[in-house]
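Descriptive analysis of the structure
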Amino acid sequence: MQRQREYWSGRYREDPDLFGSDESEFAHWALDIIGVEPVGRKLLELGAGNGRDMRFFHSAGFQVEGVDCAGDEPARARAGAITSNIQCKDVFDFLHDHERGSAEVIYSNLFYNMDFTEADHRALFAEAGRILKPGGFHLYSVRTVKDNWYGRGKLVRRDTYDSTPDGTVMHFFSEAYANRLRRGSFTLITMEERLKGKGDFPIDVYYVAERKP
Ligand SMILES: C[S@@+](CC[C@H](N)C(=O)[O-])C[C@H]1O[C@@H](n2cnc3c(N)ncnc32)[C@H](O)[C@@H]1O
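Our subject in this report is the structure included herewith. No experiment lies behind these values; they were computed from the predicted model shown.

**Considerations on the pattern of salt bridges**
Considering all chains together, one arrives at 14 salt bridges under this definition. E104 is paired through a salt bridge with K133; the nearest N and O atoms lie 2.7 Å apart. One end of the pair, E104, is in strand β4 (residues 103-109); the other, K133, is in strand β5 (residues 132-143), and 29 residues separate them in sequence. In this structure E104 comes out as buried when scored by relative accessible area, which is 18%. Between R180 and E118 there is a salt bridge, with the nearest N and O atoms lying 3.1 Å from each other.

Take a look at the structure:
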């Protein structure tokens, strides 16, 4: 986690709006899935970055809380007051602090691609399942094994590459892997593959919407 913290803090210091200051397209997709009665519903965002998607969900009426291990407070402050709801800690510590059945939505954009093993992912999905209310939404986007960056750098473990100095450790998702993680915790609403990004940096992603039974 320390390495991730250093890497991402450095990137946000160079550019607080690394991924943009406007909300992601995935946030719009996710809101369409959740539907139109969000007021008062609690949404937790994992790997919230500068808080751009949290701001979007807040303005759509959600009660938002987020976590990101990168500790660049000035970047967050620039992104607006709502980002004070982002806790600067490891995702596991954040999730452990939340009670069973205490949220309606757990959301993340390009977060599960971070340096997590399969055991980590299983633990993260189990925590999401514990915290969500029955019928709650688990919505995430991830880069896939068809992504241009898949296979670049040093193989760390299955589908996981360290592209230092051009990047950091990334775990790419296959469809089978996403299906395996879901089993026993969530039912699938929809999973869509998209080609995203511009110019030299196209990325291949899955948009995944699941529900706690
Ligand atoms: C690819 S970025 C996506 C940021 C944001 N979701 C967005 O779309 O702008 C992944 C984020 O996950 C955070 N992160 C990586 N590992 C983490 C961990 N173990 N706990 C909390 N946050 C983590 C990084 O600091 C980074 O901001």
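Text resumes after the structure shown.
**Quick notes on the packing of aromatic side chains**
On inspection of all chains with the given rule, the structure shows 20 aromatic pairs. Summarising the aromatic geometry, the rings of F111 and Y112 are spaced 5.7 Å apart at their centres and angled 50° between planes, so their arrangement reads as tilted. With respect to burial, F111 and Y112 carry one shared label: buried. Between F173 and Y177, the ring centres sit 4.9 Å apart and the planes meet at 85°, which makes this aromatic pair edge-to-face. Judged on exposure class, the residue F173 and its partner Y177 are both buried. A network of ring pairs unites the aromatic residues F111, Y112, F116, F125, Y140, F173, Y177 and F186 as a single cluster. Above the ring of W149, the side-chain terminus of R152 is found at 4.3 Å from the ring centroid.

**Observations regarding the site of the ligand**
Among the 21 residues in the neighbourhood of the ligand, the closest are listed as Y12, G47, R52, D68 and D90. C69 places a polar main-chain atom, nitrogen or oxygen, 3.1 Å from a nitrogen atom of the ligand. Within the backbone of V91, an N or O atom sits 3.0 Å from a nitrogen atom of the ligand. Along the lines of polarity and charge, the residues of the shell around the ligand split into 12 nonpolar, four polar and five charged.

**Remarks on the environment of D97**
Mapped onto the fold, D97 is located in the loop between α5 (91-96) and β4. The exposure class assigned to D97 is exposed, which follows from its relative accessible area of 52%. D97 sits 34 residues away from I131 along the chain, and the two C-alpha atoms are 9.8 Å apart.

**Comments concerning the sheet that holds strand β8 (residues 169-171)**
Strand pairing in a sheet relies on backbone hydrogen bonds, with the paired strands running either antiparallel or parallel. An order of β6-β7-β8 is seen for the three strands of this open sheet, with the pairing classed as antiparallel. Each of the sheet's edge strands pairs with one partner strand only, and the pair in question is β6 (154-157) and β8. With direction set aside, neighbouring strand axes in the sheet form an average angle of 30°. Pairing of β6 with strand β7 (residues 160-162), which is carried by three bridges, proceeds in the antiparallel orientation.

**With respect to the sheet that holds strand β10 (residues 203-211)**
Taken together, the seven strands give an open sheet; going across it, the order is β3-β2-β1-β4-β5-β10-β9, and neighbouring strands pair in mixed fashion. Sheet topology places β3 (86-87) and β9 (187-196) at the edges, where each strand pairs with a single neighbour. With nine bridges joining them, β9 and β10 adopt antiparallel strand pairing. Across the sheet, the residue bridging to E192 is Y207, located in β10.

**Concerning the nonpolar core**
Ranked by internal contacts, the top residues of the largest apolar core, which has 36 residues, are L46, V91, Y112, Y140 and F173. Of all the secondary structure elements, the ones that give two or more residues to this core are α1 (2-14), β1 (42-46), α5, β4, α6 (118-131), β5, α7 (175-182) and β10. Not counting residues up to four positions away in its chain, the partners in contact with F173 are Y112, N113, H121, Y140, V142, R143, T144, V145, A178, L181 and Y206.

About the criteria used
- Throughout, a residue's number is its position along its own chain's written sequence, starting from 1.
- Since the coordinates come from a predicted model, pLDDT governs what is reported: local features require at least 70, and pairs of side-chain atoms require 80 or more to be given and counted, while whole-chain, interface and lining totals use all residues.
- Working from all heavy atoms in the structure, the side-chain values ignore hydrogens and water.
- One speaks of a salt bridge when a side-chain nitrogen belonging to Lys or Arg is within 4 Å of a carboxyl oxygen belonging to Asp or Glu.
- Numbering goes from the N terminus for both helices and strands, where a helix is a DSSP run of H or I of at least four residues and a strand is a run of E of at least two.
- Exposure classes here rest on a 1.4 Å probe applied to the protein chains alone. A residue is buried below 20% of its type maximum, exposed above 50%, and partly exposed in between.
- Stacked, tilted and edge-to-face are the three classes applied to pairs of Phe, Tyr and Trp rings, where Trp contributes its six-membered ring and a pair requires centres within 6.5 Å; stacked means planes under 30 degrees apart, edge-to-face means over 60, and tilted covers the rest.
- In our convention, an over-ring charge means Lys NZ or Arg CZ found within 6 Å of a ring centre and within 35 degrees of that ring's normal.
- What makes a residue near a molecule or strand is one non-hydrogen atom of that residue sitting within 4 Å of it.
- For this analysis, a polar contact is any N or O atom pair within 3.5 Å, provided that within protein one partner can donate a hydrogen and the other can accept it, and provided that sequence-adjacent residues contribute only side-chain to side-chain pairs.
- Gly falls in the polar group here, along with every residue not listed as nonpolar (Ala, Val, Leu, Ile, Met, Phe, Trp, Tyr, Cys, Pro) or charged (Asp, Glu, Lys, Arg).
- Between any two strands, at least two bridges found by DSSP are needed for them to pair.
- Convention adopted: a line fitted to C-alpha atoms gives each axis, helices being fitted over their contacting stretch, and angles between N-to-C directions are expressed from 0 to 180 degrees.
- Put simply, buried Ala, Val, Leu, Ile, Met, Phe, Trp, Tyr and Cys residues joined by side-chain atoms within 4.5 Å make one nonpolar core.
- Whether two residues are in contact is decided by their heavy atoms, any of which lying within 4.5 Å being enough.

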